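The chain contents come next:
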Amino acid sequence: MIKVQKLFSFNQGRNIWRIILTDLDQIVIEERDINKKEVYFSCIDRISGKSFWKNKTFLDEKFWIGIEGTIGNYLILHQFQKPDMPNHKKIIAVDLNSGEILWVNDDLTFYNLDEHYVYGFIPRFEQNEFFKLSIESGEILDNLGNDEEARPFLDSIKEKDYSRYSFTQNLNSNLNDESITKFVNQFITDSYYVSFCEYINRSSYLIFNVYDKIEPKSLINRLIIVDKLEGKPILIETLNRATPAPVPDSFFMFDDDLYFIKDKVELIAYRLNSEEAL
């Protein structure tokens with residue numbers, strides 16, 4: 001029998017724009033208030049929800065700043081060249097444990113990172129010029145040259161390891177799989193909308209979402225976890241009480257821990273375990 005343990009809930013009443021898991025078993029959360037044009041960053045333990053730091057802003061920038069990535073003890077941020085424009089500028093390195101800025105490079109735009117280095121570039125008229133920086137100090141260590149010269153090196157940078165993640169697959173394209181449909185069909189009625197629904201299939205349980213058409217232009221997005229041995233639901237949560245259209249990538253797993261955002265403002269985590277819940 002599957003045991004379900006709620007790990008934490010994080011809700012500050014603001015739209016959760018992005019979450020990213022770190023190598024230190026943390027979650028960095030980016031929240032945005034679109035009307036006030038304010039952005040806040042927080043860092044919590046990914047299992048307990050305990051806060052390392054909360055509601056941080058950086059460089060006196062209230063809104064036009066975002067996350068590039070994380071590795072080790074480092075969080076990398078960027079600003080924008082112009083409001084409402086997607087082009088990034090600056091490289092801002094932050095200590096994940098303290099939330100304090102370690103260094104800033106005002107001239108380069110972020111490209112990639114690895115365990116020891118950050119890679120950035122200066123946009124030129126015809127080609128970019130790439131540089132390698134120390135992730136610890138921000139010191140420029142090498143000029144890697146233009147796009148053509150730098151490409152072999154940049155392509156060799158080790159990609160992030162996602163082997164411990166489970167991401168969703170499209171449910172509608174797998175409804176011919178009886179091992180899935182026998183659990184899903186018991187929750188489907190004429191009012192349910194299964195196109196664009198998603199699922200994660202594990203040996204002992206199935207996680208999926210379905211949309212209930214409550215009005216012509218409004219859907220309820222529900223998350224359901226079924227114990228495959230028992231054939232019964234062990235958890236039903238509402239991901240969104242009213243959405244005009246399906247929302248992709250509504251949930252994911254890291255090891256045995258399930259993460260999802262409820263009603264745009266609440267990050268929730270559950271642990272699913274076939275043994276006694278920890």
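Residues numbered from 1 in each chain as written. Predicted model: local features only at pLDDT ≥ 70, side-chain atom pairs only at ≥ 80, totals over all residues. Heavy atoms only, no water.

A few words now on the packing of aromatic side chains. Summed over the entire model, instances satisfying the criterion amount to 17 aromatic pairs. Judged by centre distance (5.6 Å) and plane angle (45 degrees), the ring pair of F121 and F130 falls under tilted. By relative accessible area, F121 is classed as buried at 14%. By relative accessible area, F130 is classed as buried at 2%. An aromatic cluster is defined as three or more aromatic residues linked by ring pairs; in this entry it consists of F8, Y162, Y165, F167, F252, F254 and Y259. A cation sits over an aromatic face here: K160 above Y162, 5.7 Å from the ring centre. (Phe/Tyr/Trp six-rings, centres within 6.5 Å; stacked < 30°, edge-to-face > 60°. Buried < 20%, exposed > 50% of the residue type's maximum accessible area, 1.4 Å probe, protein only. Lys NZ or Arg CZ within 6 Å of the ring centre and 35° of its normal.)

Take the pairing of strand β17 (residues 198-201) next. Relative to β17, strand β15 (residues 169-170) is paired through 2 bridges, and the arrangement is antiparallel. Across the sheet, the residue bridging to Q169 is Y199, located in β17. Bridge count between β17 and strand β18 (residues 205-215): 3 bridges; the pairing is antiparallel. From the neighbouring strand, N201 faces β18, where its bridge partner is L206. Counted along the chain from β17 to the antiparallel partner β18, the turn is 3 residues long. (Pairing = 2+ DSSP bridges. Helix = DSSP H or I, 4+ residues; strand = E, 2+ residues; numbered from the N terminus.)

Attention now moves to the pattern of salt bridges. In the structure shown here, the tally under the stated rule is 14 salt bridges. Salt-bridge contacts for D155 lead to R151; the nearest nitrogen and oxygen are separated by 3.4 Å. On the criterion of helical spacing, the pair formed by D155 and R151 is a turn pair, its members being 4 residues apart in helix α1 (residues 147-155). For D155, a relative accessible area of 55% puts it in the exposed group. Judged by its relative accessible area of 29%, R151 is partly exposed. A salt bridge links R241 to D263, with the shortest nitrogen-to-oxygen separation between them at 2.9 Å. Of this pair, R241 sits in strand β20 (residues 232-243) while D263 sits in the loop between β22 (257-262) and β23 (266-273), placing them 22 residues apart in sequence. R241 sits in the exposed class, given a relative accessible area of 60%. Using a relative accessible area of 19% as the deciding quantity, one classes D263 as buried. One salt-bridge network, in which partners are shared between bridges, spans D25, R46, D257 and R271. (Salt bridge = Lys/Arg side-chain N within 4 Å of Asp/Glu carboxyl O.)

Here we come to the sheet that holds strand β3 (residues 26-33). Pairing is antiparallel in the open sheet, where 4 strands are placed in the order β2-β3-β4-β5. Looking at strand neighbours, the two that pair on one side only are β2 (15-21) and β5 (51-56), the edges of this open sheet. The average angle at which neighbouring strand axes cross in this sheet is 15 degrees, direction not considered. (Axes fitted to C-alpha atoms, helices over the stretch in contact; angles between N-to-C directions.)

Before going further, it helps to examine the layout of surface pockets. Space left empty within the atom packing is revealed by a probe, the size of a water molecule, rolled over the atoms. Each pocket or cavity is described by its volume, and for the largest pocket that value is around 1300 Å³. If you go around the largest pocket, you meet 43 residues; those closest to its centre are I20, L21, K160, Y162 and Y165. Looking at the lining of the largest pocket, the elements that each hand over two or more residues are β2, β6 (65-71), β10 (109-113), β20, β21 (251-254) and β22. The greatest single-element share of the lining of the largest pocket, amounting to 5 residues, is contributed by β2. Taken together, the residues of the lining of the largest pocket break down into 18 nonpolar, 11 polar and 14 charged. (1 Å grid on protein atoms, 1.4 Å probe; cavity = no way out; pocket = protein on both sides within 12 Å on 5 of 7 lines; lining within 4 Å. Points joined across faces, edges and corners; volume = space filled by probe spheres on them. Nonpolar A, V, L, I, M, F, W, Y, C, P; charged D, E, K, R; others polar.)

Once that is clear, we can look at the sheet that holds strand β1 (residues 3-11). Strands sit in the order β1-β23-β22-β21-β14 across an open sheet of 5 strands; the sheet is antiparallel. With partners counted over all chains shown, the strands left at the sheet margins are β1 and β14 (165-166), one partner each. Sheet analysis places β22 next to β23, joined by 6 bridges and oriented antiparallel. In the sheet register, F260 faces β23, and the bridge partner there is I268.

Bringing the side chain of T243 into the picture now. Tracing the backbone through its elements, the reader meets T243 in strand β20. Residue T243 is classed as buried on the basis of its relative accessible area of 6%. Here A245 takes part through its backbone oxygen, which lies 2.8 Å from a polar atom of the side chain of T243. The residues contacting T243, other than those within four sequence positions of it, are Y211, K217, S218 and L219. (Polar contact = N/O pair within 3.5 Å; in protein donor to acceptor, adjacent residues only side chain to side chain. Contact = heavy atoms within 4.5 Å.)

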